[in-house]
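One-letter residues, chain by chain:
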Amino acid sequence: MSTFPNILLCLLLLFSSVFIDAEAAGAKTDSTHVARVLEALHQHDEEEACSSKEYEGSGLKIVDRHGPCSPLGEAKASLLQIIRQDQSRVNWLQSQQLNAAPPQFYAKEASVPTRHGTSLGTGNYIVTVGFGTPQKDMTVAFDTGSSLTWIQCQPCAGGCYPQQDPIFNPAQSSSYLNVSCNSADCSQVGLPTGCSSSSPTCIYSATYGDNSISRGFLAHDTLTLTASDVFPKFQFGCAQQSVGLFGRTAGLLGLGRREISLVSQTASKFGRVFSYCLPSTPSSTGYLKFGAEAIPAGVRFTPLLTKRGFPVLYFVDMVGIRVGGQALPIPASTFASGPGTIIDSGTVITRLPPAAYAALRSAFRQAMSSYTLAESPISLFDTCYDLSGVETITFPKIALSFEGGVDVDVVPSGILVALRDGGSQIVGCLAFAGNDDSRQVGIIGNRQQQAFAVVYDVAGGRLGFSPSSC
Ligand SMILES: *[C@@H]1O[C@H](CO)[C@@H](O)[C@H](O)[C@H]1NC(C)=O
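Residues numbered from 1 in each chain as written. Predicted model: local features only at pLDDT ≥ 70, side-chain atom pairs only at ≥ 80, totals over all residues. Heavy atoms only, no water.

**Q** Explain the sheet that holds strand 25 (residues 406-409) to me, please; I cannot follow it from the model alone.
**A** The pairing of strands in a sheet happens through backbone hydrogen bonds and is either parallel or antiparallel. Taken in spatial order, the four strands of this open sheet run 18-17-24-25, and their pairing is antiparallel. Of all strands in the sheet, those bounded by a partner on one side alone are strand 18 (326-327) and strand 25. In the sheet, strand 17 (residues 318-323) pairs with strand 18 via two bridges, with the strands oriented antiparallel. If you follow Arg-322 over to strand 18, its bridge partner there is Ala-327. Against the sheet, helix 10 (residues 354-367) contacts strand 17 and strand 24 (398-402), and its axis sits at roughly 10° relative to strand 17. (Pairing = 2+ DSSP bridges. Helix = DSSP H or I, 4+ residues; strand = E, 2+ residues; numbered from the N terminus. Contact = heavy atoms within 4.5 Å. Axes fitted to C-alpha atoms, helices over the stretch in contact; angles between N-to-C directions.)

**Q** Explanation requested: the pairing of strand 15 (residues 300-307) in the structure shown.
**A** Here is the key point about a regular strand: its side chains alternate between the two faces of the sheet. The pairing of strand 15 with strand 31 (residues 462-466) spans four bridges and is classified as antiparallel. Counterpart to Thr-302 in the pairing with strand 31 is Leu-463. In this structure, strand 15 lies alongside strand 16 (residues 310-316), joined through three bridges in antiparallel fashion. The residue of strand 16 that forms the bridge with Lys-307 is Phe-310.

**Q** When you look at the site of the ligand in this model, what are you seeing that I'm missing?
**A** Around the ligand, the neighbouring residues are Tyr-176, Asn-178, Ser-199, Pro-200, Thr-201 and Phe-217. At a separation of 2.3 Å, an oxygen atom of the ligand approaches a polar side-chain atom of Asn-178. Considering each element in turn, the shell around the ligand owes the most residues, three residues, to strand 9 (residues 199-207). (Near = heavy atom within 4 Å. Polar contact = N/O pair within 3.5 Å; in protein donor to acceptor, adjacent residues only side chain to side chain.)

**Q** Quick question: what am I supposed to make of the pattern of salt bridges here?
**A** Charged atoms that come close allow side chains of opposite charge to pair. A full pass over the atoms with the stated rule returns 10 salt bridges. Of the charged contacts in the structure, one is a salt bridge between Arg-89 and Asp-143, with a shortest N-O distance of 2.4 Å. Here Asp-143 lies in strand 5 (residues 136-143) and Arg-89 lies in helix 4 (residues 79-95), a separation of 54 residues in the sequence. For the pair shown, Arg-89 and Asp-143 are each scored as buried. Of the charged contacts, one joins Lys-269 and Asp-229 as a salt bridge, the two residues approaching to 2.7 Å between their closest N and O atoms. You can see Lys-269 sitting in helix 8 (residues 267-270) and its partner Asp-229 sitting in strand 11 (residues 229-243), a full 40 residues away along the chain. Taking relative accessible area as the criterion, Lys-269 reaches 44% and is therefore assigned partly exposed. Classification of Asp-229 as buried rests on a relative accessible area of 8%. (Salt bridge = Lys/Arg side-chain N within 4 Å of Asp/Glu carboxyl O. Buried < 20%, exposed > 50% of the residue type's maximum accessible area, 1.4 Å probe, protein only.)

**Q** Is there a simple way to think about the side chain of Ser-70 in this case?
**A** Relative to the helices and strands, Ser-70 resides in the loop between strand 3 (60-64) and helix 4. Other than its neighbours up to four places away in sequence, Ser-70 contacts Val-63, Asp-64, Arg-65 and Ile-126.

**Q** Got a minute to help me understand the state of the cysteines in this structure?
**A** Simply put, the disulfide is a covalent bond whose two ends are the sulfur atoms of two cysteines. A full pass over the atoms with the stated rule returns seven disulfides. Across a sulfur-sulfur distance of 2.1 Å, Cys-186 and Cys-202 are joined as a disulfide pair. Linking Cys-186 and Cys-202, the disulfide has an S-S dihedral of approximately 80° and is accordingly described as right-handed. Residue Cys-186 is found in helix 6 (residues 184-187), and its partner Cys-202 is found in strand 9; the two are separated by 16 residues along the sequence. Note on Cys-202: relative accessible area 0%, which makes it buried. (Disulfide = S-S within 2.5 Å.)

The structure is reproduced here in structure tokens:
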């Protein structure tokens, strides 16, 4: 067997990621961004300190789990490492569909073995919330792609992975209660649940991408989001066995659509409305807000849809793409003929239907024809440019168009990702990818949501973007 793929893999792992920040580094026109390549590279080469932002009102601070603001002390991950995990999340999201086309990615590229405490498949962003009485703070990943909230619980009978916070001990919470096996709540989790002959407690089992799992008791206890947002009898999973890509988090905060979701369980106070603003660099912070104050001024809404066969995910009606201000000639049926497009907090890179991606790639390549196109793809990216020796780069603006006349102008770091090998070679890649098959669900990834407040008005059936609220 050839060792070539392994060598290639090692080379790729040497790349470190940088963000091209055109706002800081260069000028802007109506149809293009201009960025100074080296300046942008150097800005992000250095170890940056956490610059935490304070927001008005209540809300949870969102932190990039791989950046300096994270309390988890996980190993730093390169963008390419994160993007490999990204495909396992995408495969998992796409596999939620009945009769989905099988995922193809690992046939094309060697998979990277997953290890505890290094990286993640489910949620790059973390928040800290309180469980129990007295309240114990837990740092968890938040996830719009799943609905059950769970945390690792003592005694971890089936094995827990190492986490940063002390593992929750139900015996020390005066408000903790198991959900019993024959309760209606046990059958409404939307996940496999069951009972064992030795235990009257409802047992759940959740699986995620890359064989990550969480299993344990369904329980309820007090959930404290902020001092004024306290929810007694919040239902969650008290995990007795968890394995996989959860890093050093204490668990997961489920913001999906099912009844067990945080969104549903807090509906009487928050009316099924939440919004987030994702940090635009690893060293900055964002927010997760709930209720009326989650809707900022100046937000523009597109319909938020549900699709048969996808009870958890949030669908939007994507209708087109603009490159350099020009709408691409993509027939509306390209977006409508497959299962549609979801918006997801945990996927990094936007995945488009094959025909839409092909149109985007061709328009982007045309606009970038004065740069040297790299011969081979890098991970997910097949449109990369050798930027060695390039001082300033001009690249077209990209906007994603949604039903209702909503155009989302993707920020520069969501258009081009810059990577370097620690030596002289600098590569900039188009930060989008195509699905393998038109029957796979499209996904608006978090890289393309950066710098926007994204508002999920689930009760109102609308999803909003606000460019000036982060
Ligand atoms: C919850 O259920 C488990 C399994 O039956 C049991 O071991 C544990 O003691 C229960 N905890 C409480 C507080 O009832």
